[in-house]
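Here is how the chains run, residue by residue.
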Amino acid sequence: MGFNTIVFEKKDGIALVTLNRPKSLNALCEELIVELGLAFGEIEKDGEIAAVIITGSEKAFAAGADIKEIAQIAYPAAATQFVARIHAVFDRIENCSKPVIAAVAGFAFGGGCELALACDLRIAAENALFGLPEIKLGLIPGGGGTQRLPRLIGMGRAKELLYTGDRVNAQEAYRIGLVNKVVPVESLMSESVKIAGNIAKLPAVAMKMNKIAVNEGINMNLHSALVHESRCFEVLFSTEDQKEGVKAFIEKREPKFVGR
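Residues numbered from 1 in each chain as written. Predicted model: local features only at pLDDT ≥ 70, side-chain atom pairs only at ≥ 80, totals over all residues. Heavy atoms only, no water.

**Q** Please provide a residue-by-residue account of the overall build of the protein, values included.
**A** For the protein, the helix and strand inventory stands at eleven helices and ten strands. Taken along its principal axes, the extent of the C-alpha atoms in the protein is 60 × 40 × 35 Å. Looking at the protein as a whole, 44% of its 260 residues are labelled buried. When contacts within the protein are restricted to residue pairs at least 6 apart in sequence, those whose partners lie at least 24 apart make up 67%. (Helix = DSSP H or I, 4+ residues; strand = E, 2+ residues; numbered from the N terminus. Buried < 20%, exposed > 50% of the residue type's maximum accessible area, 1.4 Å probe, protein only. Contact = heavy atoms within 4.5 Å.)

Structure follows, in structure tokens:
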């Protein structure tokens, strides 16, 4: 499948999705959102893919939504349709059965920050800058930022960033829990590939259940979430990898997982 606004590659069980609108600092236009959704449709179906990396350029992960497209939204119903398309794709990324890593260098503003928030892990280059500046345009984030950011870093810090529109650098993002790791710019992709590669070696069904338990459980009360966790736990006793993992541990050897 060919794409105009992203580059889609696959190697050693890892899918690499690179945002590719350099002239607009990878601003998230409608075409790019559609292509991201199509790419994740392919990723979900591909049994050889065990982990995903989304990245941009050294200068910009994604500078936000395409302001020219936002300027063309003339009435509330059109705004609803606009954000519905974004929500559908970002939800697809968040709920992808394979772990998704955002490898962020440069600007991650507005929709770009929201795209990173939809990923499971965020690895930041030292030059990364994060922010949700929509308030300065008389708007609020429409790609999930008002919901995913508080769940990730806590209500108080999230409100500060949402209310002020201020940006934070990579080190501050790490301090407040917005990113998992900060690395030199030149090491961003090698470190992200290393993490993705380590994940790709682990049991695929257990990884999927891990993600389902966390993503769905966070929206339940504790009792319901614990019941949900137990169901996810139970499923794994029907897999070959669970039996192999336990057997290998007892036999003091490296397990040989097969993804089933």
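Picking up where we left off.
**Q** For the nonpolar core, give the residues involved together with the corresponding values.
**A** With 49 residues, the main nonpolar core has Ile54, Ile93, Phe130 and Leu178 as its most contacted residues. Of all the elements, helix 1 (residues 30–45) adds the most residues to this core, at six residues. Each residue touching Ile93, except ones within four places of it in the same chain, is listed here: Leu36, Phe40, Ile54, Val100, Leu115, Ala118, Cys119 and Lys211. In terms of nonpolar packing, the next biggest core, distinct from the first, is built from 14 residues, Ala103, Ala105, Ile123 and Ile195 among them. (Core = buried A, V, L, I, M, F, W, Y, C linked by side-chain atoms within 4.5 Å.)

**Q** Kindly report on the layout of surface pockets, identifying the contributing residues and their values.
**A** By volume, the largest pocket amounts to about 720 Å³. Looking at the largest pocket, it is lined by 23 residues, and the ones nearest its centre are Glu94, Leu117, Val214, Asn215 and Ile218. Listing elements by their share of the lining of the largest pocket, those giving two or more residues are helix 3 (76–94), strand 7 (121–125), helix 5 (145–153) and helix 9 (204–217). Of all the elements, helix 9 adds the most residues to the lining of the largest pocket, at five residues. Of the residues assigned to the lining of the largest pocket, the class counts are nine nonpolar, seven polar and seven charged. (1 Å grid on protein atoms, 1.4 Å probe; cavity = no way out; pocket = protein on both sides within 12 Å on 5 of 7 lines; lining within 4 Å. Points joined across faces, edges and corners; volume = space filled by probe spheres on them. Nonpolar A, V, L, I, M, F, W, Y, C, P; charged D, E, K, R; others polar.)

**Q** Explain a nonpolar patch on the surface to me, using residue names and the numbers behind them.
**A** On the surface, Ile67, Leu137 and Leu139 cluster together to form a nonpolar patch covering roughly 280 Å² of accessible area. Positionally, Leu139 belongs in the loop between strand 8 (129–131) and helix 5. For Leu139, a relative accessible area of 36% gives the class partly exposed. (Patch = residues over 30% accessible without salt bridge, like charges linked within 9 Å, V, L, I, M, F, W, Y side chains within 5 Å. Areas by Shrake-Rupley, 256 points an atom, 1.4 Å probe, with all protein chains shown as cover. Salt bridge = Lys/Arg side-chain N within 4 Å of Asp/Glu carboxyl O.)

**Q** Give a detailed account of the packing of helix 5 against helix 6 (residues 155–164), specifying residues and quantitative values.
**A** Two quantities define a packed helix pair, namely the angle between the axes and the distance from one axis to the other. Look at helix 5 against helix 6: their axes get within 7 Å of each other, and the N-to-C directions meet at 140°. Of the possible angle classes, the one that applies to helix 5 and helix 6 is oblique. The two elements helix 5 and helix 6 meet at a crossing, and its hand is right-handed. For the pair helix 5 and helix 6, the contacting residues are Gly145, Thr146, Leu149, Pro150 and Ile153 in the first and Met155, Arg157, Ala158, Leu161 and Leu162 in the second. Residues of the contact of helix 5 with helix 6, tallied by class, amount to seven nonpolar, two polar and one charged. (Axes fitted to C-alpha atoms, helices over the stretch in contact; angles between N-to-C directions. Parallel < 35°, antiparallel > 145°, perpendicular 65-115°, else oblique. Left-handed = near helix turned anticlockwise from the far one by under 90°.)

**Q** Quick rundown of the sheet that holds strand 8? Include the residues and the values.
**A** The strand order 4-6-8-9 describes an open sheet built from four strands, whose pairing is mixed. Either end of the sheet is taken by a strand with one partner, and the two such strands are strand 4 (60–62) and strand 9 (167–169). The average undirected angle you get between the axes of adjacent strands in this sheet is 20°. Strand direction decides the pairing type here: strand 8 and strand 9, joined by three bridges, are antiparallel. Along strand 9, the bridge assignment pairs Leu129 with Asn169. (Pairing = 2+ DSSP bridges.)

**Q** Break down empty space enclosed by the protein for me, with residues and values.
**A** This model, assessed by the stated rule, comprises two cavities of 30 Å³ or more. What lines the largest cavity is simply Leu28, Cys29, Glu30, Ile33, Glu69, Phe82, Arg85 and Ile86. Listing elements by their share of the lining of the largest cavity, those giving two or more residues are helix 1 and helix 3. For the lining of the largest cavity, the element with the highest residue contribution is helix 3, accounting for three residues. Here the lining of the largest cavity is built from residues that sort into five nonpolar, no polar and three charged. Empty space within the second largest cavity amounts to approximately 30 Å³. What lines the second largest cavity is simply Cys113, Phe130, Gly131, Leu132, Leu149, Leu161, Val168 and Leu178.

**Q** Let's hear about the sheet that holds strand 10 (residues 181–183): which residues, and what values?
**A** Strand order in the open sheet formed by six strands is 1-2-3-5-7-10, with mixed pairing between adjacent strands. Since the sheet does not close on itself, it has two edges, and those belong to strand 1 (6–11) and strand 10, each with one partner. If you compare each strand with its neighbour and ignore which way they point, the axes differ by 20° on average. Bridge analysis of strand 1 against strand 2 (residues 14–19) gives six bridges, and the strand direction is antiparallel. Residue Glu9 lies in a different strand from strand 2, and its bridge partner there is Leu16. Helix-sheet contacts for helix 1 involve strand 1, strand 2, strand 3 (51–55) and strand 5 (100–104), and the interaxial angle to strand 1 is about 15°.

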